[in-house]
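# Fold and contact review
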2 protein chains.
Amino acid sequence: MTTVDPTSAPSTTPSQSPSPAPSLQDAPHVDVPALRDLLLGRWADVRRQARALAGREDLQKIEGQPWGEHRERVFGQLHTLVAEGAVHRAFPTRLGGQDSHGGNVAGFEELVVADPSLQIKAGVQWGLFGAAVLHLGTEAHHDAWLPGIMDLSIPGAFAMTETGHGSDVASIATTATYDPGAEEFDLHTPFRAAWKDYLGNAALHGRAAVVFAQLITGGVNHGVHALYVPIRDADGAFLPGIGGEDDGHKGGLNGIDNGRLHFTHVRVPRFNLLDRYGSVAADGTYTSPIASPGRRFFTMLGTLVQGRVSLDGASVAASKVALQIAVTYANQRRQFGSGDGEEEVLLDYQRHQRRLITRIARTYAGSFAHEELLARFDDVFSGAHDTDEDRQDLETLAAACKALSTWNALDTLQECREACGGAGFLSENRLTGLRADLDVYATFEGDNTVLLQLVAKRLLTDYANDFRGIDFGAMARYAVGQAADRTFSRSGLRQAVQFFTDRGDQRLAVNALREEGAQRALLTGRVEDMVAEIAQQLRSARKLPTEKAASVFNSHQHELIEAARAHAELLQWEAFTAGLATVQDPATRTVLTWLRDLFGLTLIEENVGWYLMHGRISMQRARTLTGYVNRLLARLRPHAQDLVDAFGYEQPHLRAAIASGAEAIRQDEAREHQRRERADGDAPVDEKVLYARDAGRRRA
Amino acid sequence: MTTVDPTSAPSTTPSQSPSPAPSLQDAPHVDVPALRDLLLGRWADVRRQARALAGREDLQKIEGQPWGEHRERVFGQLHTLVAEGAVHRAFPTRLGGQDSHGGNVAGFEELVVADPSLQIKAGVQWGLFGAAVLHLGTEAHHDAWLPGIMDLSIPGAFAMTETGHGSDVASIATTATYDPGAEEFDLHTPFRAAWKDYLGNAALHGRAAVVFAQLITGGVNHGVHALYVPIRDADGAFLPGIGGEDDGHKGGLNGIDNGRLHFTHVRVPRFNLLDRYGSVAADGTYTSPIASPGRRFFTMLGTLVQGRVSLDGASVAASKVALQIAVTYANQRRQFGSGDGEEEVLLDYQRHQRRLITRIARTYAGSFAHEELLARFDDVFSGAHDTDEDRQDLETLAAACKALSTWNALDTLQECREACGGAGFLSENRLTGLRADLDVYATFEGDNTVLLQLVAKRLLTDYANDFRGIDFGAMARYAVGQAADRTFSRSGLRQAVQFFTDRGDQRLAVNALREEGAQRALLTGRVEDMVAEIAQQLRSARKLPTEKAASVFNSHQHELIEAARAHAELLQWEAFTAGLATVQDPATRTVLTWLRDLFGLTLIEENVGWYLMHGRISMQRARTLTGYVNRLLARLRPHAQDLVDAFGYEQPHLRAAIASGAEAIRQDEAREHQRRERADGDAPVDEKVLYARDAGRRRA
């Protein structure tokens, strides 16, 4: 699959001579093993180990398994993960962990290819429940509970979300009121909307929970804090004062026992407050190392960012699997003929190329972006780069990446499913199951729409510091207080400004859309203009009373979210571009550069109306866009299989009948049958041929 | 819910005076009962009966039921439908039917709200298997098998699709070779790719099948014909020579036993050829009332168009249910506050309005378009308007509507699911289950991508008759031969040309986007330009050899499909506009006109780049589009609940916990709790308030 396409010159390397016998080093092609290693990234070894595990049948999903059995199967699989030492990397070395945060997430997200329920249930146990004890508790808490959490003798729930409050964590209504007489907290659910909801491990397996509640002591509400609360006895019965419900069957992830919990004046020992960021003395005095309640809240929640990081990675992994399946099938499956000859391979159809190859490009962009996010995450959690600013950058980057890649995964899985026709709908071909399981990724660990508003808020405050203090009301409260005084250094916008300064005339920048600089100028220019425009319109709101300001803000909510999305796409494009520089083999780099161009140009094509209206691109140039994209598709088409093979998933990961080679065997058999019939003279005459001949006679 | 929005004047009626006490007749509002009746359409009574059935618990899906049990449940439900006399409307009166084709489809498609598996399994039995015997067989066949098919004593499969050929029916490889000695056909599957696949009723319940095969007699292949073939004995065992496989678990529709069938020299009596369009005499002589094999093939397949018609209707119905659920929730659910006050109702957020209200508009358009399609379908099948041209128009319209509305349903279900957050993911709220079941609607009964190419082919041949005879190769073969010499009379394009002739200057047409004429001019102009542009570029291909021509054609496949989509959207817009004229109440018509404007303007907004590049809209006008759409959203917002309530589905159809009123009760309880706490002086002081006060002191 290292075919050279001699008809079209590559855009970023000198024209190739198609003959005689071009050297494989020079001709555009993909060095699959090298690219595979590159994509495995910094934690390649961990990923390889995790993929080996994910390839084991006993850790994989059985499609169509009744959900009660599926829940038990996944719970059993968690024990297997413990036995294999696969899930403790993030925990302290002194307790048997490795203090490796990036590596932990890298390994964890690969589990999605075995069963997304396994990935998420493991995430609940160790990434949320365990991580909350680790990050929000202190050493005494670690000693008390981490060993049991790590070895799964204490399965636990992460009880943050309430039926009445999803993404707005600050508004949860569960209370933990300190009683200095008893040195206990009184944990209480005041009304039905305050029930904890959607909690993995809550319906069946959880023995304890980290419960988030408004901490009240001495008549003051100190905001949301977390407490460690046993919820079930050894027989699995709820402890006194605790009740709950099963969330029942879901659209996917049915290997997880999501449920609801509520608390009726449950007494919790003072020790159980996870008090790294806020503690209560025996007499009820509250102290915290962080004076500002707002900053304290965001610091506490910020320790849980790894959920978003790993959803980003898992979404990219699922997209890779889907594309490897659909492209393999599209290279073997034939449908409709070109006249009387052989039927066409699906991927030779232009529309099919557009459906799949543009998504290969986007998935590469998402893959490179995730690798950057993971590195940033490890920097912060390893302590290597752990300033307030680093944490805020990480939050913003994680929000942008998670929103985009979870949506992209759903879109890619659906397009791949439809591109495989009826076969794509069968569970034996994986695509529908993965899509159903990943559906909720778009709204959990932060609703994507809310996350993009968080990114938008950051873009605004970066743009102009005076937006910092405004309570936008309708804006996710989560975002308030996150802003810092800083220009666009991290978001790449400073470069954009620089670019335009250098060139003087913006039109120059789009003289050649295939130039990296031109793509960057267009993509950054769009974010910059959108943010500046909105900021201009919101400026008046700064002086209005909160409610009025919120209304003005709301009237620009759609544009704000679109600006955030444009920014996130720019981040992906920058990551892809940075990734190109790490590709050693020039021939591979050529192909990947086309792919990056395809990604950049389809982003511009999707928003060409905006670019025209803002004078960023000329009419003439805009009209050439689609044609250029089509030429890139044709150029990339011979490399499509290599590009998905470089994702590195193998048959035990793909597990799709249509990507097993069975289709090629069927096609060969059919063609051999027809060839033999013709050779033997056995083939019946087609009535159409006779009819056409007779029609000719009738005319004559 | 008949709130008047006094802040913005409606676009198409004189300005409303908001006070004093505007008459309800004049102020924009929705007369819900009247609109509900209007939407029920020509076969309102049938729909009401079908909805009453769909509201019965014993006919409804149990989410999460193991698929083996689900299959048996649905099979049992088919017997209930027989007992209720709900599925025989299309069959001959003399056999107990009603010869009512439009009414049959209207009733049948409403079953989707009970369980899509029930709709589709009923569709397999009576709409495909039964309809094939009805339309492709003759009276003797009707007498022999229809009674058993109607009363379900003969459950049957519709064995057309093969593993190797989905949408390309002409290329199926199963053969039925006539043996004059035995007066039997030899039915044979020559290789694995020719196995029949994805057939409902094939895995378990089917006792017979209508099998499509290449009919060979006297050494001539007369093309695809259908035979009635018993496949299982009374004990459910395969008859000799017949084998099969279960397709297993699927992404949805698991109440249906899809499976595969293959035939090893199975002997079928001559009588069993469904020979209305092609018969074989005892001596093997083939005769047909249709001389052209191409026309014969399309006539035979054309009798099965009702599958597409009913998928269109069912998709619209599912979109309505989804929107009724999501809008009801969005009007009760509160999230995030505007400052210190009450939290906002979700539907007050601009982005939420854009997510849901634009889809209400599209669903109205789809609903009116479906009603037109259904009438056209009934005209043809009742014989009222049954020329070749009528049938071809029906085919094109059905292809366009089915492609758009099945995709729209998936998009609407997904957006509604995400708009309901985590609650949307629970099966108890219906959205994920409906989405999973409807997923395959996008590719069965004709892959949407193939159907749009069929529409594109028609647009091209309408545009220029000389495209008629070309074999485009890559184009769906299904489409070849369908073309007729005719201008854009049916597709609405003649009107467009007329419009521009009248006005002289195209720019004039967009002076006011809210004018119906301006929207029509823009939408039709786009289709016209796109088709003309492609035709220009393809003109050269007419003289090329088939293979070369196919390649030129392929290089425009993407644009062709986009043109077909634009045409389908125009059809929906025209149907919506025609529907407005049937609304009696002026106040309701005002609101619906805004909704139609919203539909038209979002279509233009999505393609604003195209309109700019083709000089159809000025930069200045384009810049006002998004603002105008936002103002329409704000204007429609108070009517959103009425607009979805007018869809007329009730609690037994919605069956969503979040749309039951439970959310409003929870919200009221929470607010009452907070009110009481404040009144009693029990509420703790917020640390943030103290911190802000202290900060003030520190500064002082």
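Cut-off values and rules
- Residues numbered from 1 in each chain as written.
- Chains lettered and ligands numbered in written order.
- Predicted model: local features only at pLDDT ≥ 70, side-chain atom pairs only at ≥ 80, totals over all residues.
- Heavy atoms only, no water.
- Helix = DSSP H or I, 4+ residues; strand = E, 2+ residues; numbered from the N terminus.
- Areas by Shrake-Rupley, 256 points an atom, 1.4 Å probe, with all protein chains shown as cover.
- Contact = heavy atoms within 4.5 Å.
- Buried area = accessible area lost by both parts, 1.4 Å probe.
- Salt bridge = Lys/Arg side-chain N within 4 Å of Asp/Glu carboxyl O.
- Polar contact = N/O pair within 3.5 Å; in protein donor to acceptor, adjacent residues only side chain to side chain.
- Nonpolar A, V, L, I, M, F, W, Y, C, P; charged D, E, K, R; others polar.
- Pairing = 2+ DSSP bridges.
- Axes fitted to C-alpha atoms, helices over the stretch in contact; angles between N-to-C directions.
- UniProt positions renumbered as here; feature names shortened; annotations may be inferred.
- Buried < 20%, exposed > 50% of the residue type's maximum accessible area, 1.4 Å probe, protein only.
- Least-squares fit on C-alpha atoms with pLDDT ≥ 70 in both.

## A look at the overall build of chain A
- Of the regular secondary structure elements, chain A holds 24 helices and 14 strands.
- Counting only carbon and sulfur atoms, one obtains 51% of the accessible surface of chain A, whose full area is about 23700 Å².

## A short note on the environment of Ala193 of chain A
- Its location among the elements puts Ala193 of chain A in the loop between strand 3 (184-188) and strand 4 (196-199).
- Those residues in contact with Ala193 of chain A that sit more than four places away from it in its chain are Glu162, Thr163 and Gly164 of chain A together with Arg666 and Ala670 of chain B.

## Topic: the interface of chain A and chain B
- Contact residues are listed per partner, giving 108 residues for chain A and 108 residues for chain B.
- Regarding the contact of chain A and chain B, the summed buried area is about 8900 Å², with carbon and sulfur atoms giving 55% of it.
- For the chain A face of the interface with chain B, the top three residues by lost area are Phe336, Arg351 and Phe425 of chain A, together amounting to 9%.
- Summed over the shared surface of chain A and chain B, the number is eight salt bridges.
- Across the salt bridge formed by Glu687 of chain A and Arg296 of chain B, the nearest N and O atoms sit 2.7 Å from each other.
- Our count for the chain A to chain B interface comes out at 61 residue pairs in polar contact (both at pLDDT 80 or more).
- For the side of chain A that touches chain B, the element with the most residues is helix 17 (residues 557-580) of chain A, which contributes six residues.
- Broken down by class, the residue content of the side of chain A that touches chain B amounts to 38 nonpolar, 38 polar and 32 charged.

## Structural notes on the sheet that holds strand 8 (residues 259-263) of chain A
Residue and element names in this part refer to chain A.
- Read from one edge of the open sheet, three strands run 4-8-7, paired in antiparallel fashion. Lying at the two open borders of the sheet, with one neighbouring strand each, are strand 4 and strand 7 (242-246). Averaged over all pairs of adjacent strands, the angle between their axes in this sheet comes to 25 degrees, without regard to strand direction.
- Sheet topology places strand 7 next to strand 8; five bridges connect them, and they run antiparallel. What sits directly across from Gly244, in strand 8, is Leu261.

## Considering the UniProt feature "domain: Acyl-CoA dehydrogenase/oxidase N-terminal" (unreviewed entry) in chain A
- When the UniProt feature table is mapped onto this chain, "domain: Acyl-CoA dehydrogenase/oxidase N-terminal" (unreviewed entry) is found at residues 71-150 of chain A.
- Secondary structure content for residues 71-150 of chain A is 70% helix and 0% strand, while the C-alpha to C-alpha distance between its ends is 20 Å.

## A word on helix 2 (residues 44-54) of chain A
- Turning to helix 2 of chain A, its buried residues number three or more, namely Ala44, Val46, Arg47, Ala50, Arg51, Leu53 and Ala54 of chain A.
- Residues of helix 2 of chain A that are buried in the fold lie against helix 1 (32-40), helix 3 (67-83), helix 4 (101-110), helix 9 (350-382) and helix 22 (651-654) of chain A.

## Some details on the relation of the copies chain A and chain B
- Least-squares fitting of chain A to chain B yields an RMSD of 0.0 Å, with the transformation described by 0.0 Å of translation along the axis and a rotation of 180 degrees. Both chain copies can therefore be described as sitting about a two-fold axis. By C-alpha distance to the rotation axis, the residue of chain A lying nearest is Gly609 of chain A, at 1.8 Å.
- Taken together, the interface assignments show that 100% of the residues at the interface of chain A recur at the interface of chain B, consistent with an identical surface on both copies.

## Some words on the sheet that holds strand 7 (residues 242-246) of chain B
All names here are of chain B.
- Taken together, three strands build an open sheet; the order of strands is 4-8-7 and the sheet is antiparallel. Both edges of this open sheet fall to strand 4 (196-199) and strand 7, since each of them pairs with a single strand only. The sheet shows a mean angle of 25 degrees between the axes of neighbouring strands, direction not considered.

## Re the pattern of salt bridges
- What the rule picks out here adds up to 94 salt bridges over all chains.
- A salt bridge links Asp247 of chain B to Arg260 of chain B; its shortest N-O distance comes to 3.0 Å. On the criterion of sequence distance, the pair formed by Asp247 of chain B in the loop between strand 7 and strand 8 (259-263) and Arg260 of chain B in strand 8 is long-range, its members being 13 residues apart.
- Salt bridges sharing common partners tie together Asp197, Glu245, Asp247 and Arg260 of chain A together with Glu428 of chain B.

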